[in-house]
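Each chain is listed here by its residues.
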Amino acid sequence: MLNKYARAFFTRVLTPFAALLIRLGVSPDAVTLVGTGGVMAGALAFYPRGEFFWGTIVITLFVFSDLVDGNMARQLGRSSRWGAFLDSTLDRVADAAIFGGLALWYAGGGNSQVLCAVTIFCLASGQVVSYTKARGESIGLPVNVNGLVERAERLVISLVACGLSGLHAFGVPGVQHLLPIALWAVAAGSLVTLIQRVVTVRREAAEAEAAAGGGDAG
Ligand SMILES: CCCCCCCC/C=C\CCCCCCCC(=O)OC[C@H](COP(=O)(O)O[C@@H]1[C@H](O)[C@H](OP(=O)(O)O)[C@@H](O)[C@H](O)[C@H]1O)OC(=O)CCCCCCC/C=C\CCCCCCCC
Ligand SMILES: Nc1ccn([C@@H]2O[C@H](COP(=O)(O)O)[C@@H](O)[C@H]2O)c(=O)n1
Ligand SMILES: [Mg+2]
Ligand SMILES: [Mg+2]
């Protein structure tokens, strides 16, 4: 949903910045790499220690690089298969760092096996959700479904809740409950999305085989 409705807005906002980076001689690949490194640093340096506010600020500064790199590639007329591969692969790395950092917190100082398990479920299900699309497309299916909770939703729900929960350390009462609620929501939404995508791939695979089999299938 966000990918559909918010992308156009962020493209307009980020285009001048992307153009500036191009004028400075920065490449889209460099933005992809630095952005991922920044997200990983923010997640793994702050989240395992329960420093949700500063971790989220650092991650937010870098996560938008994922919209800037593609924007730069398109402005340069240099969108490439390599760039698409690098972008998607490093998305998985960044997501692993975010949810891995949170899982480390709950396994340690956060002291909650249940929330540690929910966070690991968010990590694993998010990766599998993305894999369903990549694998479906690699076997020649259109995978005409995005589903309830795509990557943008997973990130926005988790990061907004994480940033707000971090305000508890500055004395704001009650906000610490937002992160557990968000993690349960992302876990449930990812499960629904996984089912939506698997059902779609199953239907598309059956249709493709029926079409290939011609008369036999009918
Ligand atoms: C005092 C309060 C302190 C709190 C401060 C912090 C608040 C932090 C708030 C928000 C930060 C949210 C940032 C989230 C930005 C997400 C941007 C992003 O990376 O989107 C990526 C997404 C997909 O891009 P790709 O096409 O490159 O990726 C594909 C995708 O990964 C596929 O995965 P799948 O979906 O299948 O699981 C893969 O299959 C594919 O391989 C891969 O290529 O880009 C978009 O979707 C574009 C839309 C982005 C929309 C961003 C919206 C941000 C909106 C709101 C921010 C709200 C801020 C409010 C703060 C309020 C706090 C008080
Ligand atoms: N280093 C890169 C990164 C991305 N691309 C191209 O952009 C597409 C992704 O666009 P986003 O707006 O989601 O970042 C990707 O599929 C590539 O075509 C690139 O060429 N090089
Ligand atoms: Mg990108
Ligand atoms: Mg990306």
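The sections below set out a description of the structure shown in this document. This is a predicted model, so every value here is computed, not measured.

## A look at the overall build of the chain
From N to C terminus, the chain includes eight helices and zero strands. For the chain, the sequential pattern of α-helices and β-strands runs α-α-α-α-α-α-α-α. Taking the principal axes of the C-alpha coordinates as reference, the chain spans close to 70 × 50 × 25 Å. Buried residues in the chain amount to 39% of all 218 residues. The contacts of the chain with a sequence gap of at least 6 include a subset with a gap of at least 24, amounting to 77%.

## Notes on the site of ligand 2
Near ligand 2 lie 15 residues; those nearest to it are Arg7, Asp29, Asp66, Asp69 and Arg74. One of the backbone nitrogen or oxygen atoms of proline 28 is found 3.5 Å away from a nitrogen atom of ligand 2. Compared with its free state, where it exposes 470 Å², ligand 2 has 83% of that area covered by protein. Every element with two or more residues in the shell around ligand 2 is listed here: helix 2 (28–46), helix 4 (65–76) and helix 5 (81–107). Looking at which element gives the most residues to the shell around ligand 2, the answer is helix 4, with five residues. For the shell around ligand 2, the per-class residue count stands at three nonpolar, five polar and seven charged.

## Focus: the side chain of threonine 200
Along the chain, threonine 200 falls in helix 8 (residues 178–213). Owing to a relative accessible area of 8%, threonine 200 belongs among the buried residues under this scheme. For threonine 200, the side chain forms a polar contact with the main-chain oxygen of glutamine 196, separated by 2.8 Å. In contact with threonine 200, other than residues within four places in its own chain, are Asn144 and Val145.

## Observations regarding the coordination of the magnesium ion (ligand 4)
The coordination sphere of the magnesium ion (ligand 4), as far as protein atoms go, consists of Asp66 (OD), Asp66 (OD), Asp87 (OD), Asp91 (OD) and Asp91 (OD), spread over 2.0 to 2.6 Å. Classification of the site at the magnesium ion (ligand 4) rests on its six donor atoms, whose angles at the metal span 53 to 158°, yielding the label irregular. Here the magnesium ion (ligand 4) and the magnesium ion (ligand 3) are spaced 3.5 Å apart, and both take aspartate 66 as a donor. Placement of both aspartate 87 and aspartate 91 in helix 5 is noted, with a separation of four residues, approximately one turn of the helix. In terms of burial, aspartate 87 and aspartate 91 fall into one category: buried.

## Considering the coordination of the magnesium ion (ligand 3)
Coordination of the magnesium ion (ligand 3) by the protein is provided by Asp66 (O), Asp66 (OD), Asp69 (OD) and Asp87 (OD), with metal-donor distances spanning 1.9 to 2.3 Å. The motif formed by the donor residues of the magnesium ion (ligand 3), counted along the single chain, is D-x2-D-x17-D. Judged by relative accessible area, which is 22%, aspartate 66 ranks as partly exposed. Judged by relative accessible area, aspartate 87 falls into the buried class, the value being 18%.

## Re the pattern of salt bridges
The tally for this structure, following the rule as stated, stands at six salt bridges. We note a salt bridge from aspartate 91 to arginine 151, for which the minimum N-O separation is 3.3 Å. Within this pair, whereas aspartate 91 is found in helix 5, its partner arginine 151 is found in helix 7 (residues 151–166), the two being separated by 60 residues in sequence. Look at aspartate 91 and you get buried, because its relative accessible area is 12%. The buried category is assigned to arginine 151, whose relative accessible area is 14%. Between aspartate 95 and arginine 154 there is a salt bridge; the shortest N-O distance is 3.9 Å. Of this pair, aspartate 95 sits in helix 5 while arginine 154 sits in helix 7, placing them 59 residues apart in sequence. Taking the relative accessible area as the measure of exposure, arginine 154 reaches 3% and is therefore buried. Salt bridges sharing partners connect three or more residues here, namely Asp66, Asp91, Asp95, Arg151 and Arg154.

Analysis parameters
- Residues numbered from 1 in each chain as written.
- Chains lettered and ligands numbered in written order.
- Predicted model: local features only at pLDDT ≥ 70, side-chain atom pairs only at ≥ 80, totals over all residues.
- Heavy atoms only, no water.
- Helix = DSSP H or I, 4+ residues; strand = E, 2+ residues; numbered from the N terminus.
- Buried < 20%, exposed > 50% of the residue type's maximum accessible area, 1.4 Å probe, protein only.
- Contact = heavy atoms within 4.5 Å.
- Near = heavy atom within 4 Å.
- Polar contact = N/O pair within 3.5 Å; in protein donor to acceptor, adjacent residues only side chain to side chain.
- Areas by Shrake-Rupley, 256 points an atom, 1.4 Å probe, with all protein chains shown as cover.
- Nonpolar A, V, L, I, M, F, W, Y, C, P; charged D, E, K, R; others polar.
- Donors = N, O, S within 2.8 Å, 3.2 Å for Na, K, Ca; no water.
- Tetrahedral: all angles 85-135°; square planar, octahedral: opposite > 155°, others 65-115°.
- Salt bridge = Lys/Arg side-chain N within 4 Å of Asp/Glu carboxyl O.

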